[in-house]
Amino acid sequence: MPERPVRVVIAKPGLDGHDRGAKVIARALRDAGMEVIYTGLRQTPEQIVSAALQEDADVIGLSILSGAHLHVCTRLMELLRAQGLDDVLVLVGGIIPDQDIPRLQAIGVRGIYLPGTPMQAIVDGIRRDVRRQAPLDA
């Protein structure tokens, strides 16, 4: 039985209306063979978790340029745990100050990608981390 493609939900939370980077990432992931669902602009953490649940997502990728990354990610991780979606990888890309990275990692964000990160590094990181978290009986 062939392995199904990695399913990635890409979201732009909050009031930030700049989604060019999210669209570039979505296309790169699609070109790498992943199934990508782009939720669009101005998503709430509740909407993002709902999309991940409905789409059976392996990964949630957030693009945040507004500075609200700590608030958004904390709420998103709480909602994922409440829905039993602890196995969904959460990645954040955008303007993330160095001092906030350890806090994001502590709440469970697995990948933090700053401007200038090569696309292949993001693709490789997703493939590595999805495999690492795959159930033993899969």
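Structure report, in brief.

Conventions and cut-offs
Residues numbered from 1 in each chain as written. Predicted model: local features only at pLDDT ≥ 70, side-chain atom pairs only at ≥ 80, totals over all residues. Heavy atoms only, no water. Helix = DSSP H or I, 4+ residues; strand = E, 2+ residues; numbered from the N terminus. Rg over C-alpha atoms; globule rule 2.2 N^0.38 Å. Contact = heavy atoms within 4.5 Å. Areas by Shrake-Rupley, 256 points an atom, 1.4 Å probe, with all protein chains shown as cover. Lys, Arg positive; Asp, Glu negative; His and termini not counted. Charge placed at Lys NZ, Arg CZ, Asp CG, Glu CD. Pairing = 2+ DSSP bridges. Axes fitted to C-alpha atoms, helices over the stretch in contact; angles between N-to-C directions. Core = buried A, V, L, I, M, F, W, Y, C linked by side-chain atoms within 4.5 Å. Buried < 20%, exposed > 50% of the residue type's maximum accessible area, 1.4 Å probe, protein only. Salt bridge = Lys/Arg side-chain N within 4 Å of Asp/Glu carboxyl O.

With that settled, consider the overall build of the protein chain. From N to C terminus, the protein chain includes five helices and five strands. Walking the protein chain from its N terminus toward its C terminus, one meets helices and strands in the order β-α-β-α-β-α-β-α-β-α. Computed over the C-alpha atoms, the radius of gyration of the protein chain is 14 Å, within 12% of the 14 Å expected from 2.2 N^0.38 for a compact globule of 138 residues. Along the first, second and third principal axes, the C-alpha atoms of the protein chain reach 45 × 30 × 25 Å. Pairs at least 24 apart in sequence give 70% of the contacts found in the protein chain among residues at least 6 apart. When the accessible surface of the protein chain is totalled, it reaches about 7,700 Å², and 54% of it is carbon and sulfur. One way to put it: in the protein chain the 16 positive side-chain charges average out to a point 5 Å from where the 17 negative ones average out.

Reading across the sheet, the five strands line up as β2-β1-β3-β4-β5 and stay open at both edges, with parallel pairing between neighbours. Single-partner strands in this sheet number two, and they are β2 (35–38) and β5 (111–113). The average angle at which neighbouring strand axes cross in this sheet is 20°, direction not considered. On the sheet, helix α3 (residues 69–82) packs against β3 (59–64) and β4 (89–94) and is oriented at approximately 160° with respect to β3.

Let us now look at the nonpolar core. With 28 residues, the main nonpolar core has Ile60, Leu62, Cys73, Leu76, Leu80, Leu104 and Val109 as its most contacted residues. Here the element with the most residues in this core is α3; it accounts for seven residues. Ile10, Ile25, Ala26 and Leu29 belong to the second largest nonpolar core, which has 16 residues in total.

Our next topic: the environment of aspartate 31. Relative to the elements of secondary structure, aspartate 31 occurs in helix α1 (residues 20–31). Distance from aspartate 31 to proline 13, taken between C-alpha atoms, is 24 Å for residues 18 residues apart in sequence.

Moving on: the pattern of salt bridges. By the definition in use, this model includes ten salt bridges. A salt bridge links glutamate 35 to arginine 7; its shortest N-O distance comes to 2.1 Å. One end of the pair, glutamate 35, is in strand β2; the other, arginine 7, is in strand β1 (residues 7–11), and 28 residues separate them in sequence. Assessed through its relative accessible area of 32%, glutamate 35 is described here as partly exposed. Here arginine 7 falls in the buried class, since its relative accessible area comes to 17%. Two residues, arginine 30 and aspartate 31, come together in a salt bridge whose shortest N-O distance is 3.0 Å. By relative accessible area, arginine 30 is classed as partly exposed at 46%. Among the charged side chains, a network of salt bridges with common partners joins Arg4, Asp56 and Asp58.

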